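# Report on the structure
What follows is each chain in one-letter form.
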Amino acid sequence: MPAPSPEPHRDCPRCPRLVAVREALRVEQPDWWNAPVPALGDPDAWLAIIGLAPGRHGANRTGRAFTGDASGDLLFATLAKFGLAVEGGPKGVLILNAVRCLPPGNKPVPAEIHACRDYLGGQLAAPVVVALGQIAHQSAVKAMGGRLPKARFGHLAEHRMPAGQMLIDSYHCSRYNQNTGRLTPEMFEAVFARALELRR
C-alpha cells in the first residue's frame with residue numbers, strides 16, 4: 001500500500017466550511033489557486049516555519065505559502081537578510097501552514113486545525129521549528145508530541161519537543177501585527193537569529 005500523501009488533494013473534502021469558501025472563490029476568482037496550499041521549500045530543511053493559514057489575496061491566490069501579501073513580504077525579506085532565501089524562495093527552509101485552506105476571516109475553527117494536523121506532522125522533521133502565532137504554536141506542539149501546559153506561547157519562547165526538536169515562537173508577521181507595532185522587523189529578526197544559533 002502506498003504511503004499517504006504529505007499534501008492534501010486539491011479537492012480535499014475534510015472541512016465542509018472551507019470547501020464552501022473554496023468553491024465560491026473558484027467561481028468568483030477562477031484564475032486564483034483556490035485549493036489547499038502545499039508546503040514551500042526543502043522537505044529536508046533544517047528549519048521549518050509554520051504559519052496559520054493561507055491569506056485570501058496571498059497564498060490562496062498564488063498557490064505559494066506566504067506569497068503575495070504583507071506577511072510574506074516581511075517573512076521573505078527577513079529570510080533573505082539571514083541568507084535563508086534566494087530569489088524569493090526559501091533556502092534550507094520549509095514553509096507551511098497549520099491549516100492548508102483559506103478560512104473565513106482568517107479564523108479556522110478547532111476542527112479544521114485538527115483536520116490538517118496529520119499533514120503538518122508528516123512534514124515536521126526539521127530540528128528547528130518556528131511557529132508564527134499562537135494557533136501555529138499549539139498545532140506544532142501537538143503535532144510534535146509535546147504538551148501544551150508545559151509549552152506556553154510567547155514571542156521568542158523556546159520549547160524542547162520530545163524528539164529533541166526546538167520550537168521557537170514568534171508573533172505572526174501579519175499586516176495587522178506589523179501596523180500595530182506588536183511585531184517589529186527587529187523583533188522578527190531576533191527569532192531567526194536565535195534559530196541560526198540553535199542550528200550550530
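Just above sits the structure.
Quick summary incoming for the structure in this document. On a predicted model such as this, the values are computed, not experimentally measured, just so you know. (Residues numbered from 1 in each chain as written. Predicted model: local features only at pLDDT ≥ 70, side-chain atom pairs only at ≥ 80, totals over all residues. Heavy atoms only, no water.)

## With respect to the overall build of the protein chain
What counts here: Secondary structure counts use DSSP, requiring at least four H or I residues in a row for a helix and at least two E residues in a row for a strand, with both numbered from the N terminus. Only C-alpha atoms enter the radius of gyration, while the globule expectation follows 2.2 Å times N to the 0.38, with N the number of residues. Only protein chains enter the accessibility calculation, which uses a 1.4 Å probe. A residue is then buried if its area is under 20% of the maximum for its type, exposed if over 50%, and partly exposed in between. Should any heavy atoms of two residues lie within 4.5 Å, those residues are counted as being in contact. Using a 1.4 Å probe, accessible areas were evaluated by the Shrake-Rupley method; residue-level cover was limited to the displayed protein chains.
A count of helices and strands for the protein chain gives 8 helices and 8 strands. The C-alpha radius of gyration computed for the protein chain amounts to 16 Å, which stays within 12% of the reference 16 Å derived for 200 residues, consistent with globular compactness. Principal-axis analysis of the C-alpha atoms places the extent of the protein chain at approximately 45 × 40 × 30 Å. Classification of the 200 residues of the protein chain by burial places 50% in the buried group. In the protein chain, the proportion of contacts linking residues at least 24 apart, taken out of those at least 6 apart, comes to 65%. Here the protein chain displays about 9700 Å² of accessible surface, and carbon together with sulfur accounts for 55% of that area.

## Remarks on the pairing of strand β2 (residues 47-51)
Consecutive residues of a regular strand have side chains that alternate between opposite faces of the sheet. Here is the rule we go by: Strands were regarded as paired on the criterion that DSSP finds at least two bridges between them.
When you tally the buried positions in β2, you get 5 out of 5 residues, the bulk of the element. Of the two faces of β2, the one holding L47, I49 and G51 and the one holding A48 and I50 are both buried throughout. One ladder, built from 5 bridges, connects β2 with strand β5 (residues 93-97); its direction is parallel. Paired with I49 across the bridge in β5 is I95. Two strands pair when backbone bridges link them, and β2 and strand β6 (residues 128-132) are joined in this way by 4 bridges, in the parallel orientation. Considered in β6, the bridge of I50 is made with A131.

## Remarks on the packing of helix α3 (residues 70-81) against helix α8 (residues 185-199)
To be explicit about the condition: To define axes, lines are fitted to C-alpha atoms, for helices over the stretch in contact only, and angles between the resulting N-to-C directions are given on a 0 to 180 degree scale. Working definition: roughly parallel below 35 degrees, roughly antiparallel above 145 degrees, roughly perpendicular at 65 to 115 degrees, and oblique for all remaining angles. Handedness of a crossing follows from how the near helix is turned relative to the far one, being left-handed for an anticlockwise turn of less than a right angle and right-handed for a clockwise one. Amino acids are sorted into nonpolar (Ala, Val, Leu, Ile, Met, Phe, Trp, Tyr, Cys and Pro), charged (Asp, Glu, Lys and Arg) and polar (every other residue, Gly among them).
Between α3 and α8, the shortest axis-to-axis distance is 10 Å and the interhelical angle comes to 55 degrees. Judged by the inter-axis angle, α3 sits oblique to α8. For the element pair α3 and α8, the recorded crossing hand is right-handed. Seen from α3, the contacting residues are L74, L75, T78, L79 and K81; seen from α8, they are P185, F188, E189 and F192. A breakdown of the residues in the contact of α3 with α8 according to their chemical character gives 6 nonpolar, 1 polar and 2 charged.

## Regarding the environment of E7
As a reminder of what qualifies: By the criterion applied in these results, polar contacts are pairs of N or O atoms within 3.5 Å in which, for protein atoms, one can donate a hydrogen and the other can accept it, and in which residues neighboring in sequence qualify only through two side-chain atoms.
Here E7 lies in the segment before α1 (16-28). Note: C-alpha distance between E7 and M161 (154 residues apart in sequence) is 23 Å. What E7 contacts, discounting residues up to four positions off in sequence, is V37, P38, A39, R100, Y119 and Q123. Polar side-chain contacts of E7 include one of 2.9 Å to the backbone nitrogen of A39. Of the polar contacts made by the side chain of E7, one reaches the side chain of Q123; its length is 2.9 Å.

## Considerations on the packing of aromatic side chains
As a reminder, the rule being used: Stacked, tilted and edge-to-face are the three classes applied to pairs of Phe, Tyr and Trp rings, where Trp contributes its six-membered ring and a pair requires centres within 6.5 Å; stacked means planes under 30 degrees apart, edge-to-face means over 60, and tilted covers the rest.
The full count for this structure, using the stated rule, is 2 aromatic pairs. Centroid distance F153 to Y171: 6.1 Å. Interplanar angle 55 degrees. Geometry classified as tilted. Of the two residues, F153 sits in the loop between α6 (134-143) and β7 (158-160) while Y171 sits in the loop between β8 (166-170) and α7 (175-180), which places them 18 residues apart along the sequence. Measuring from ring centre to ring centre gives 5.2 Å for F188 and F192, while their planes differ by 80 degrees; the resulting arrangement is edge-to-face. Remark: F192 and F188 occur in helix α8; sequence separation between them is 4 residues, near one turn of the helix.

## What about the pattern of salt bridges?
Heads up, the condition is: Definition used for salt bridges: Asp or Glu carboxyl oxygen within 4 Å of a side-chain nitrogen of Lys or Arg.
Tallied over the full model, the rule gives 9 salt bridges. The salt bridge partner of R14 is D118, with a shortest N-O separation of 2.8 Å. Here R14, found in the segment before α1, pairs with D118, found in helix α5 (residues 117-121); they are 104 residues apart in sequence, far enough to count as distant. Residue class for D118 comes out partly exposed when judged on its relative accessible area of 45%. Linking R194 and E197 is a salt bridge whose minimum nitrogen-to-oxygen distance equals 3.0 Å. Residue R194 and its partner E197 are located together in helix α8, separated by 3 residues, close to a single helical turn. Connected via shared salt-bridge partners are D11, E23 and R26.

These figures capture arrangement, not role.
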